[in-house]
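So you can see what is in the structure, the chains are spelled out below.
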Amino acid sequence: MLNPGTPPQGYDKDEYLSRKYGMPVGMVDRVFERLRTKGEEVGISFKPHGRIVNTLNSHRILELARRRHGREQQDKLMEVLFSRYFEKQEDINKYDVLADAAAEAGMDRAEALAFLESGALKDEVTAECARWAQSVDGVP
């Protein structure tokens with residue numbers, strides 16, 4: 001998680017990026033133009049607006065996928081989550097969105113939802129993300 005302190009409701013992406021990088025809110029579209037163009041070249045339709053959300057629950061369901069079904073299943077779920085967040089602007093912190101994503105990736109929706117509601121792996125995933133955060137502070 002790049003921003004583990006993000007509240008559950010998240011932040012408006014335009015306002016957040018404006019604050020973080022000190023640019024007017026209206027410049028966000030211009031900044032994202034290159035990303036949109038590059039994404040289109042490889043079949044990704046990035047959307048610049050929406051919300052920046054806390055991704056703890058996304059990391060939890062990804063860890064469940066890896067532990068129960070292996071890395072291949074985890075990769076499938078990651079692709080679905082990327083699409084839902086970057087292309088469809090869905091809140092990938094919400095249990096129903098994550099359970100639907102798990103089902104789309106081939107997992108059992110009811111099992112995924114029960115897992116999320118249980119709070120399982122929250123402490124383990126938080127600790128693992130904290131370890132990674134010591135050496136990662138951004139993404140390209």
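Undergrad: An account of the environment of Pro4 is requested, with residue identities and associated values reported.
TA: As for its position among the elements, Pro4 is in the segment before β1 (11–12). A relative accessible area of 52% means that Pro4 is categorised as exposed. Considered as a pair, Pro4 and Thr55 are 51 residues apart in the sequence and their alpha carbons are 7.6 Å apart.

Undergrad: Kindly report on the packing of helix α3 (residues 56–69) against helix α4 (residues 71–87), identifying the contributing residues and their values.
TA: Helix-helix packing is characterised by the crossing angle of the two axes and by the distance between the axes. Put simply, α3 and α4 touch, their axes get as near as 7 Å, and they point 150° apart. Judged by the inter-axis angle, α3 sits roughly antiparallel to α4. The two elements α3 and α4 cross, and the hand of that crossing is right-handed. Contacts between α3 and α4 involve Ser58, Ile61, Leu62, Glu63, Ala65, Arg66 and His69 from the first element and Arg71, Gln73, Gln74, Leu77, Met78 and Leu81 from the second. By residue class, the composition of the contact of α3 with α4 is six nonpolar, four polar and three charged.

Undergrad: Explain the nonpolar core to me, using residue names and the numbers behind them.
TA: Counting residues in each nonpolar core, the largest one holds 29 residues, and the members touching the most others are Ile61, Leu77, Leu81 and Ile92. Contributing elements (two or more residues each) for this core: α1 (13–21), α2 (28–41), α3, α4, α5 (95–104), α6 (109–118) and α7 (122–133). The dominant element in this core, judged by the number of residues it contributes, is α3, at five residues. The contacts of Ile61, once residues within four sequence positions are left out, are Leu77, Leu81, Leu98, Ala112, Phe115 and Leu116.

Undergrad: Could you give me a rundown of unusual backbone geometry, with the residues and numbers involved?
TA: Of note in the backbone geometry, Gln89 takes a positive phi value of approximately 55° without being a glycine. Locating Gln89 in the fold gives a position in the loop between α4 and α5. One non-glycine residue, Leu121, adopts positive backbone phi at about 70°. Turning to its location among the elements, Leu121 is positioned in the loop between α6 and α7.

Undergrad: Got a sec to walk through the pattern of salt bridges? Specific residues and values, please.
TA: One pass over the structure, following the stated rule, counts 10 salt bridges. A salt bridge links Arg66 to Glu63, with the shortest nitrogen-to-oxygen separation between them at 2.4 Å. Taken as a pair, Arg66 and Glu63 lie in helix α3 at a separation of three residues, close to a single helical turn.

Undergrad: So what's going on with the environment of Arg66? Which residues, and what values?
TA: On the basis of relative accessibility, which here comes to 28%, the residue Arg66 falls in the partly exposed class. Taking the C-alpha atoms as reference points, Arg66 and Tyr85, separated by 19 residues in sequence, lie 20 Å from one another. If we skip the residues at most four places from it in the chain, Arg66 touches Arg71 and Gln74.

Undergrad: Quick one: what's the story with the packing of α4 against α5, residue by residue and with numbers?
TA: The interhelical angle for the contact between α4 and α5, taken along N-to-C directions, is 130°, at an axis separation of 9 Å. Relative to α5, α4 is oriented oblique. The two elements α4 and α5 cross, and the hand of that crossing is right-handed. In contact with Leu77, Val80, Leu81 and Arg84 of α4, α5 contributes Val97, Leu98, Asp100, Ala101, Ala102 and Glu104.

Undergrad: Outline the side chain of Arg60, supporting the account with residue identities and numerical values.
TA: Looking at the element boundaries, Arg60 is found in helix α3. Salt bridges are absent for the buried Arg60, whose nearest opposite-charge side chain, Asp123, sits at 8.8 Å. In terms of polar contacts, Arg60 uses its side chain to reach the side chain of Asn57, at 2.7 Å. Looking at Arg60, its side chain comes within polar contact range of the main-chain oxygen of Ala120, at 2.8 Å. In contact with Arg60, not counting residues within four places along its chain, are Tyr95, Phe115, Leu116, Gly119, Ala120, Leu121, Lys122 and Val125.

Cut-offs applied
Residues numbered from 1 in each chain as written. Predicted model: local features only at pLDDT ≥ 70, side-chain atom pairs only at ≥ 80, totals over all residues. Heavy atoms only, no water. Helix = DSSP H or I, 4+ residues; strand = E, 2+ residues; numbered from the N terminus. Buried < 20%, exposed > 50% of the residue type's maximum accessible area, 1.4 Å probe, protein only. Axes fitted to C-alpha atoms, helices over the stretch in contact; angles between N-to-C directions. Parallel < 35°, antiparallel > 145°, perpendicular 65-115°, else oblique. Left-handed = near helix turned anticlockwise from the far one by under 90°. Contact = heavy atoms within 4.5 Å. Nonpolar A, V, L, I, M, F, W, Y, C, P; charged D, E, K, R; others polar. Core = buried A, V, L, I, M, F, W, Y, C linked by side-chain atoms within 4.5 Å. Salt bridge = Lys/Arg side-chain N within 4 Å of Asp/Glu carboxyl O. Lys, Arg positive; Asp, Glu negative; His and termini not counted. Polar contact = N/O pair within 3.5 Å; in protein donor to acceptor, adjacent residues only side chain to side chain.

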